[in-house]
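Inside the fold
These are the residues of each chain, in order.
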Amino acid sequence: MSLANKLAEERRARLAAERLLEQKQAELQAANRKLGRHARALSEEIVETRAEVQTVRDENARVKSDLNMANEKVAIAERRLWHSIETIQDGFAFFDADSRMIAANHAWLGVFEGLEDVKPGISYVEILQCVTEEGVVDIGDADPAAWREKMLDRWQTVAPEPEIVRLWNGAYIKLIDQRGPTGDVVSLALNITDTIRYEERLKEARRKAEMASRAKSSFLANMSHEIRTPMNGVVGMAELLKDTELDEEQLLYANTIKNSGEALLVIINDVLDYSKIEAEKLVLHAEPFDMERCIQELIMLMQVNARDKGIELLVDYDLFLPTRFVGDPGRLRQIMTNLLGNAVKFTEEGHVMVRVVGVECAAQGAARLHVTIEDSGIGIPDDKVGHIFGEFNQVDGESNRRFEGTGLGLAISEKLVRLMGGEIWVESVEGQGSTFGFAVELPLADPDAGQDFSVPDGLRKVVIVETNALNRSILERLFAALGIEVICCDSGAAALETTDGSVSLVITDHVMPRMDGIELAEALKAAGHAAPVLLLSGNIGSVEQDPGRGFVDAVLQKPFPRAELFAALTRLSGSLAGGVADPDLPQDPGRVMRVLAAEDNRTNRLVFSRMVKALDIDLKFAVNGEEAVAFYRSFRPDIVFMDISMPGMDGKDATRALRALEAESGGHVPIVAMTAHAMDGDEDEILSAGIDHYLSKPLSKQALIDHVVAACPEGVRAPEEGQSAA
Ligand code: ADP
């Protein structure tokens with residue numbers, strides 16, 4: 001190879017080497033640049049991280065300081081809490097879910113003073129063990145193991161009931177333990193010694209107060225008995241004195257003695273009843289009784305007063321309502337006496353009407369009775385009517401007292417009605433009248449017995465003659481309800497005009513202006529009317545004395561239970577619809593009525609015999625219970641009046657003996673108790689001995705006569721024949 005070629009070849013090799021060097025230098029530069037960029041990025045990252053680290057450090061420092069502060073606060077709160085817990089005098093302790101004590105205050109631990117084991121960490125079971133072994137709690141006669149078991153059972157319940165324990169030193173501690181959701185228990189031990197002592201003192205005070213109240217009631221009852229006995233003499237003798245020849249002034253004195261005595265007795269009875277109800281000593285005694293009869297008897301009692309004032313007393317007893325119920329007749333009578341007595345007292349003219357309606361609750365065998373007593377009296381002002389049932393609330397103030405009364409009657413009535421589970425109300429318009437009402441639910445005495453209102457077949461058309469519009473409408477409704485045609489007349493003259501051959505019966509009131517009932521009967525007969533005349537009279541005695549008595553076919557004493565009206569209709573059935581009664585037909589006068597009175601006190605026997613002097617009866621006295629029983633056998637009385645307290649066999653025992661004799665021989669003689677007793681429960685005991693009626697002393701002449709007259713059996717001469725009833 002030539003040199004030139006060799007040179008050319010070397011130059012090419014050098015050029016190639018130079019190009020390679022340039023390329024490598026360029027690559028190196030690029031790598032350097034990349035490295036520079038990376039180094040820059042890294043250093044930026046380091047700066048950022050440092051900043052973050054600083055922030056975290058700052059935050060950490062802040063949290064630490066917050067935590068310290070919070071810890072300090074918690075410590076303060078805990079200190080304060082414990083301080084407070086330590087200050088309270090009641091015990092306070094915590095237990096964990098395993099029943100180990102976490103902490104307890106001094107008061108709690110103080111009970112276990114000297115027992116080193118009782119401290120945080122001890123279990124509840126160990127505490128109970130300590131309590132019984134060291135006698136910390138006075139468990140009385142209880143067995144320690146049983147007591148511990150009982151306490152542990154209680155502790156383990158979800159919500160333990162509070163428990164009262166007595167410590168060895170007589171202190172009473174109430175344990176209130178509350179379990180939290182995690183099973184921890186907070187235990188509170190309250191020292192209730194003062195409360196318990198206070199309760200004991202209260203109980204003692206109450207016992208003493210009750211004793212005093214019982215003593216007061218018994219004092220009242222005894223006093224009332226003591227006052228009633230001499231009052232019997234005062235009132236009874238004054239009544240007898242009135243029947244003797246007296247000049248006007250003497251009569252005034254005798255009347256005043258009697259009225260004042262009676263007023264005093266009313267007050268004594270009211271006060272006694274009220275104190276009994278207040279002391280919750282009054283118990284109701286239910287027994288079968290006849291509501292209608294009960295009302296009629298009350299009306300009879302009130303009749304004298306009402307008649308004196310010229311007030312009409314009316315009864316409207318729902319025709320379809322049964323009459324026999326089970327209830328406390330004595331107390332019902334007392335309520336009605338109060339309401340009826342007030343109605344008569346506060347009415348100067350017009351009427352007083354007792355209305356009884358009822359709804360039968362057949363399923364329960366009971367009826368809800370509504371009894372209203374309506375009067376046309378002075379009424380009660382609107383502003384007074386709201387509190388009229390309160391004690392001693394009277395409308396007329398002390399300064400203008402026109403009416404007597406204690407102001408207790410309505411309060412007693414209200415309490416009695418409430419005791420019977422009923423309600424009482426009043427509606428009144430001043431100057432127009434008042435309506436007092438009460439509603440009670442009473443079981444039916446004979447739930448299966450239907451009402452028997454059979455009227456004679458011949459009774460198709462009745463003429464009712466009655467001046468009082470209310471009474472007329474009561475009778476009209478009664479007969480209309482029975483499907484009988486009724487013609488109402490307000491005077492004898494109108495009746496004479498209306499009556500014709502189609503009339504089966506004339507029912508007339510007795511006392512009427514211009515032509516009275518008996519004159520009407522006479523006029524009807526004179527006019528040739530065949531319809532019999534039934535006379536309704538408030539005074540049978542005067543009817544019997546009336547020369548025209550013979551024109552009347554039957555007489556009913558007003559007020560009459562409906563049963564008596566139906567009985568009279570039945571008796572007249574033969575002469576209805578054209579039959580003419582023969583007034584001249586002689587009637588069998590029958591034997592005289594036999595009345596037995598057992599009374600040990602001579603004065604009372606005298607009072608009794610003078611009171612019934614006017615009656616046509618055969619009166620026999622027994623001076624004790626044994627004699628009463630003996631006379632009952634030999635004398636066979638139609639009615640017995642029985643004094644309750646007699647030496648030897650008393651009235652209750654004698655009654656039981658009579659009832660026992662009757663059980664063998666049959667029959668039932670009415671026995672009327674006479675007593676001055678007013679002790680708790682006496683009345684009920686007396687009635688439960690088999691006595692039918694109850695008269696308290698001093699006896700009222702009218703009540704005695706009413707009982708005798710009511711007991712007159714059929715076929716026996718009427719005791720009032722030829723006498724005046726008043
Ligand atoms: P009192 O013994 O005074 O009659 P009550 O408690 O029976 O006591 O009655 C309280 C008062 O209610 C009576 O004093 C009277 O003012 C009034 N009062 C009661 N019933 C009637 C009535 N039917 N008409 C008007 N006022 C009456």
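See the structure above.
Cut-offs and rules
- Residues numbered from 1 in each chain as written.
- Predicted model: local features only at pLDDT ≥ 70, side-chain atom pairs only at ≥ 80, totals over all residues.
- Heavy atoms only, no water.
- Near = heavy atom within 4 Å.
- Polar contact = N/O pair within 3.5 Å; in protein donor to acceptor, adjacent residues only side chain to side chain.
- Areas by Shrake-Rupley, 256 points an atom, 1.4 Å probe, with all protein chains shown as cover.
- Helix = DSSP H or I, 4+ residues; strand = E, 2+ residues; numbered from the N terminus.
- Patch = residues over 30% accessible without salt bridge, like charges linked within 9 Å, V, L, I, M, F, W, Y side chains within 5 Å.
- Salt bridge = Lys/Arg side-chain N within 4 Å of Asp/Glu carboxyl O.
- Lys, Arg positive; Asp, Glu negative; His and termini not counted.
- Charge placed at Lys NZ, Arg CZ, Asp CG, Glu CD.
- Core = buried A, V, L, I, M, F, W, Y, C linked by side-chain atoms within 4.5 Å.
- Buried < 20%, exposed > 50% of the residue type's maximum accessible area, 1.4 Å probe, protein only.
- Contact = heavy atoms within 4.5 Å.
- Arc of directions from axis to C-beta.
- Pairing = 2+ DSSP bridges.
- Axes fitted to C-alpha atoms, helices over the stretch in contact; angles between N-to-C directions.

The ligand sits among 20 residues. The nearest are Asn-342, Asp-375, Gln-394, Val-395 and Leu-410. Here Leu-410 contributes a backbone N or O atom positioned 2.7 Å from an oxygen atom of the ligand. Here the ligand has 530 Å² of accessible area as a free molecule, and 97% of this is covered by the chains. Breaking the shell around the ligand down by element, the ones donating at least two residues are helix H8 (329-345), helix H10 (409-419) and strand S12 (433-443). With three residues, H8 is the largest single contributor of residues to the shell around the ligand.

Another point: a positive patch on the surface. Residues Arg-33, Lys-34, Arg-37 and Arg-40 make up a contiguous surface patch of positive charge. As for its position among the elements, Arg-37 is in helix H1 (residues 3-87).

Attention now moves to the nonpolar core. Residues Met-291, Ile-295, Phe-325 and Phe-438 are the most contacted members of the largest nonpolar core, which totals 48 residues. When near neighbours in sequence (up to four residues on either side) are disregarded, Met-291 contacts Tyr-317, Thr-323, Phe-325, Met-336, Leu-369 and Val-371. Grouped together as the second largest cluster of nonpolar side chains are 26 residues, Met-101, Val-137, Val-165 and Ala-171 included.

Another point: the pattern of salt bridges. Summed over all chains, the structure comprises 23 salt bridges. Here Glu-599 and Lys-697 are joined by a salt bridge, their closest N and O atoms 3.1 Å apart. In this pair, Glu-599 sits in the loop between strand S18 (593-598) and helix H16 (602-611) while Lys-697 sits in the loop between strand S22 (693-696) and helix H20 (701-710), placing the two residues 98 residues apart along the sequence. Taken as a pair, Glu-599 and Lys-697 share a single burial class, namely buried.

As a further point, take helix H13 (residues 517-526). Within H13 the residues assigned to the buried category are Gly-517, Ile-518, Leu-520, Ala-521, Leu-524 and Lys-525. Projected onto a plane normal to the axis of H13, the buried residues spread over an arc of 160 degrees and lie on a single side. Looking at the buried residues of H13, the elements they touch are strand S13 (461-465), helix H12 (492-498), strand S15 (505-509), strand S16 (533-537) and helix H14 (540-545). For H13, the N-terminal capping position is held by Asp-516, with its side-chain oxygen 3.0 Å away from the main-chain nitrogen of Ile-518. Just downstream of H13 lies Gly-528, where phi reads positive at about 85 degrees.

Next up on the list: the sheet that holds strand S5 (residues 185-191). Strands pair in a sheet through their backbones, by hydrogen bonds, and they do so in one of two ways: parallel or antiparallel. Taken in spatial order, the five strands of this open sheet run S2-S1-S5-S4-S3, and their pairing is antiparallel. The open sheet has two edge strands with one neighbour each: strand S2 (101-104) and strand S3 (163-166). Ignoring strand direction, the axes of neighbouring strands in this sheet form an average angle of 25 degrees. By the bridge criterion, four bridges tie S3 to strand S4 (residues 172-179) in an arrangement that is antiparallel. Bridge pairing in S4 places Arg-166 opposite Tyr-172. Its contacts with the sheet place helix H4 (residues 144-156) against strand S1 (91-95), S3, S4 and S5, and it is angled at close to 40 degrees to S4.

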